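# Residue-level structural notes
Residue-level listing of the chains:
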Amino acid sequence: MGQKIHPLGFRLGTTQSHDSIWFAQPTDYSENLKEDKIIRDCIKNYIQKTIRISSDVEGIGRIKIQKRTDLIQVIIYMAVPELLIEGKPRRIEELRINVQKKLMNRKLNIAIRRIPNAYRDPNILAEFIAGQLKNRIPFRKAIKKAVELAEQAGTKGVQVQIAGRIDGKEIARVEWIREGRVPLQTIRAKIDYCSYPVRTIYGVLGIKVWIFLNKE
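These numbers come from a predicted model, not from an experiment.

## Focus: the overall build of the protein chain
- Assigned secondary structure in the protein chain consists of 6 helices and 8 strands.
- Helices and strands in the protein chain line up, N terminus first, as α-β-α-β-β-α-α-β-α-α-β-β-β-β.
- The C-alpha radius of gyration of the protein chain comes to 18 Å, within 12% of the 17 Å expected for a compact globule of 216 residues.
- Each principal axis of the C-alpha atoms in the protein chain carries an extent, and together these give about 50 × 40 × 35 Å.
- Scored against the burial criterion, the 216 residues of the protein chain give a buried share of 44%.
- Within the structure as shown, the protein chain displays about 12800 Å² of accessible surface, and the carbon and sulfur contribution to it stands at 51%.
- Taking the 40 positively charged and 23 negatively charged side chains of the protein chain as two groups, their mean positions are separated by 2 Å.

## Focus on the confidence of the model for the protein chain
- A residue-level look at the protein chain finds 92% of positions with pLDDT of 70 or above and a mean pLDDT of 87.
- Here helix 3 (residues 82–85) stands out as the element of the protein chain with the lowest mean pLDDT, 69, in contrast to strand 5 (residues 157–164), whose mean of 95 is the highest.

## Structural notes on the nonpolar core
- Grouped together as the largest cluster of nonpolar side chains are 25 residues, with contacts concentrated most on Ile-129, Leu-133, Ile-162 and Ile-207.
- Tallying contributions element by element places helix 6 (residues 139–152) first for this core, with 7 residues.
- For Leu-133, the contacting residues outside a window of four places in its chain are Phe-139, Ile-162, Val-198, Leu-205 and Ile-207.
- Residues Ile-39, Ile-47, Ile-72 and Ile-112 belong to the second largest nonpolar core, which totals 18 residues.

## Comments concerning unusual backbone geometry
- The residue Arg-136 is not glycine, and still its phi comes out positive at about 65°.
- Despite not being glycine, Asp-167 has its phi angle at roughly 60°, a positive value.
- Structurally, Asp-167 is set in the loop between strand 5 and strand 6 (173–180).
- Take Asp-167: its relative accessible area is 44%, and that puts it in the partly exposed class.

## Some details on the pairing of strand 3 (residues 71–78)
- In terms of residue burial, strand 3 counts as a mostly covered element, since 7 of its 8 residues are buried.
- Pairing analysis gives 7 bridges linking strand 2 (residues 60–67) to strand 3, with the strands arranged antiparallel. The residue bridging Ile-63 from the neighbouring strand is Ile-76, located in strand 3.
- Joining the antiparallel neighbours strand 2 and strand 3 is a turn of 3 residues.
- Across 8 bridges, the pairing between strand 3 and strand 4 (residues 107–114) is parallel.

## As for the sheet that holds strand 2
- Pairing is mixed in the open sheet, where 4 strands are placed in the order 1-2-3-4. Among the strands making up the open sheet, the edge pair consists of strand 1 (20–21) and strand 4.
- Judged from the 2 bridges that link them, strand 1 and strand 2 form a sheet pairing that is parallel. Within strand 2, the residue paired with Ser-20 across the bridge is Ile-65.

## Thoughts on the pattern of salt bridges
- A full pass over the atoms with the stated rule returns 11 salt bridges.
- Arg-62 is paired through a salt bridge with Asp-192; the nearest N and O atoms lie 3.3 Å apart. Highlighted residues: Arg-62 in strand 2 and Asp-192 in strand 7 (residues 189–200), separated in sequence by 130 residues. The same class applies to Arg-62 as to Asp-192, namely buried.

## Quick notes on the packing of helix 5 (residues 122–134) against helix 6
- At their nearest, the axes of helix 5 and helix 6 sit 9 Å apart, and the two run at 150° to each other. Taken together, the axis directions place helix 5 and helix 6 in an arrangement best described as roughly antiparallel. Both helix 5 and helix 6 take part in a crossing whose hand is right-handed. Of the residues in helix 6, those in contact with Leu-125, Phe-128, Ile-129, Gln-132 and Leu-133 of helix 5 are Phe-139, Ala-142, Lys-145, Ala-146, Leu-149 and Ala-150.
- Its residues placed into classes, the contact of helix 5 with helix 6 shows 9 nonpolar, 1 polar and 1 charged.

Reading the values: rules and limits
Residues numbered from 1 in each chain as written. Predicted model: local features only at pLDDT ≥ 70, side-chain atom pairs only at ≥ 80, totals over all residues. Heavy atoms only, no water. Helix = DSSP H or I, 4+ residues; strand = E, 2+ residues; numbered from the N terminus. Rg over C-alpha atoms; globule rule 2.2 N^0.38 Å. Buried < 20%, exposed > 50% of the residue type's maximum accessible area, 1.4 Å probe, protein only. Areas by Shrake-Rupley, 256 points an atom, 1.4 Å probe, with all protein chains shown as cover. Lys, Arg positive; Asp, Glu negative; His and termini not counted. Charge placed at Lys NZ, Arg CZ, Asp CG, Glu CD. pLDDT = per-residue confidence, 0-100. Core = buried A, V, L, I, M, F, W, Y, C linked by side-chain atoms within 4.5 Å. Contact = heavy atoms within 4.5 Å. Pairing = 2+ DSSP bridges. Salt bridge = Lys/Arg side-chain N within 4 Å of Asp/Glu carboxyl O. Axes fitted to C-alpha atoms, helices over the stretch in contact; angles between N-to-C directions. Parallel < 35°, antiparallel > 145°, perpendicular 65-115°, else oblique. Left-handed = near helix turned anticlockwise from the far one by under 90°. Nonpolar A, V, L, I, M, F, W, Y, C, P; charged D, E, K, R; others polar.

Listed below in structure tokens is the structure:
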């Protein structure tokens, strides 16, 4: 059988860098890792609860964390940063205080960056498909639309896979579609990937998205 490897971990040190950058002694490593998970979950939960979004895109691409001894710098990459910046004036400050409560005596700094071509990001694309599936749109139509959006954003290739009880069928299955090139074995190929679970009335579906950006 083919051995599957995570496309981002496979490319660390060549085309891919870490999303969390910090140093810890072996005894403190697990605590730091747990802290990263708490920060990411807290930010995602806050954005889901407070922002009622009209579009299908929730907006979080990735969350990068850099830690020093006395400061934690968090950078949130969003498709539509105006959702956090505009509207309620002190929204970012409120988010910072919410996350700060979960951390122990370290200062927290949150910055928000825009993703220039939102549909070049697999997380945004997966969220778009998840929104379509929740609205009971046929999965093939949702996948084709997502692939079309990714191609318009200037990607060299895109592959989307959905697994689970698709369309409420009793037997779970896997469906996928690929457009363009997605060279998973080429380490120099800059490939972005995400795995995204979506809850439907029939159960949980898994969405996986691979996007081939360029060859470095």
